[in-house]
Amino acid sequence: MERTLIIIKPDAVQRGLTGEILRRFEARGLRIIGMKLIQVSRELAEKHYDIHRERPFFGSLVSYITSSPVVVIALEGTNAIEAARGTIGATNPTKAAAGTIRGDFALEIGRNLVHGSDSVENGQIEVANFFDESELVSWQRNTDPWIFE
Ligand code: DAT
Ligand code: MG
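Because the structure is predicted, anything quoted here is derived from the model rather than measured. (Residues numbered from 1 in each chain as written. Chains lettered and ligands numbered in written order. Predicted model: local features only at pLDDT ≥ 70, side-chain atom pairs only at ≥ 80, totals over all residues. Heavy atoms only, no water.)

**Student:** Hey, could you run me through the packing of helix α2 (residues 18–28) against helix α5 (residues 80–88) in this one?
**Tutor:** The angle between the axes and the distance between the axes are what describe a pair of packed helices. Relative to each other, α2 and α5 sit at 140°, their axes nearing to 10 Å. Classified by the interaxial angle, the pair formed by α2 and α5 is oblique. Note that α2 runs across α5; the crossing there is right-handed. Each of Arg24, Phe25 and Arg28 in α2 lies in contact with α5, whose residues at this interface are Ala83, Ala84, Thr87 and Ile88. Counted by class, the contact of α2 with α5 contains four nonpolar, one polar and two charged residues. (Axes fitted to C-alpha atoms, helices over the stretch in contact; angles between N-to-C directions. Helix = DSSP H or I, 4+ residues; strand = E, 2+ residues; numbered from the N terminus. Parallel < 35°, antiparallel > 145°, perpendicular 65-115°, else oblique. Left-handed = near helix turned anticlockwise from the far one by under 90°. Contact = heavy atoms within 4.5 Å. Nonpolar A, V, L, I, M, F, W, Y, C, P; charged D, E, K, R; others polar.)

Written as structure tokens, this is what we have:
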């Protein structure tokens, strides 16, 4: 089963969109295996965005994600990576399709509300960066057979 790390970013938490965003992932069928409200440290932010370290927007990316609390969610499901990124929409909200989170609620790339892991490998790594194994719950939903074939 694939795992993806979702971060409901500071702008989304501040705007009261946490419930709306979580609702969309739940409705999609992804299973929550971990969830918490945290203040991201500079150290964790720099680790999370390490691949963007040399990009000109790295500093503002780290400032943004550490500016206010975030909700981090670990999700599990068949095709969880691609499904979650489809629900999130394109990186630049002005290019994101209507019906996606970014396409419905955001306007600017630096305020794009939500993160989702971009590969199966990164999903495993990012969930492990944000959650201790003891914070993850392995469970079966009664609805699983109606969502996972
Ligand atoms: P995504 O969040 O869709 O996975 P990404 O991993 O390419 O996008 O980039 C991480 C974040 O960095 C993205 O959510 C917003 C910011 N970002 C990406 N490209 C940018 C750019 N050209 N200018 C400013 N910010 C950018
Ligand atoms: Mg990314």
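**Student:** Explain the sheet that holds strand β3 (residues 70–77) here, please?
**Tutor:** Strand pairing in a sheet relies on backbone hydrogen bonds. The paired strands run either parallel or antiparallel. Spatially, the four strands line up as an open sheet ordered β2-β3-β1-β4, and their pairing is antiparallel. Edge positions in the sheet fall to β2 (31–38) and β4 (114–116), since each has one partner strand and no second. This sheet shows a mean twist of 15° between the axes of neighbouring strands, independent of strand direction. Where β2 lies against β3, seven bridges are found, and the strand directions are antiparallel. Note that in β3 the partner of Gly34 across the bridge is Ala74. Lying on the sheet, helix α7 (residues 120–130) is in contact with β1 (2–8), β2, β3 and β4; it crosses β1 at an angle near 55°. (Pairing = 2+ DSSP bridges.)

**Student:** Honestly, the site of ligand 1 in this entry has me stumped. Any pointers?
**Tutor:** The immediate surroundings of ligand 1 are formed by Lys9, His52, Phe57, Leu61, Arg85, Thr91, Arg102, Ile109 and Asn112. Measuring from an oxygen atom of ligand 1, one finds a side-chain N or O atom of Lys9 at 3.3 Å. Contacts to ligand 1 include Thr91, whose side-chain N or O atom sits 2.5 Å from an oxygen atom. Across the complex, the protein chains shield 74% of the 520 Å² of accessible surface that ligand 1 would expose by itself. Residues that form the shell around ligand 1 fall into these classes: three nonpolar, three polar and three charged. (Near = heavy atom within 4 Å. Polar contact = N/O pair within 3.5 Å; in protein donor to acceptor, adjacent residues only side chain to side chain. Areas by Shrake-Rupley, 256 points an atom, 1.4 Å probe, with all protein chains shown as cover.)

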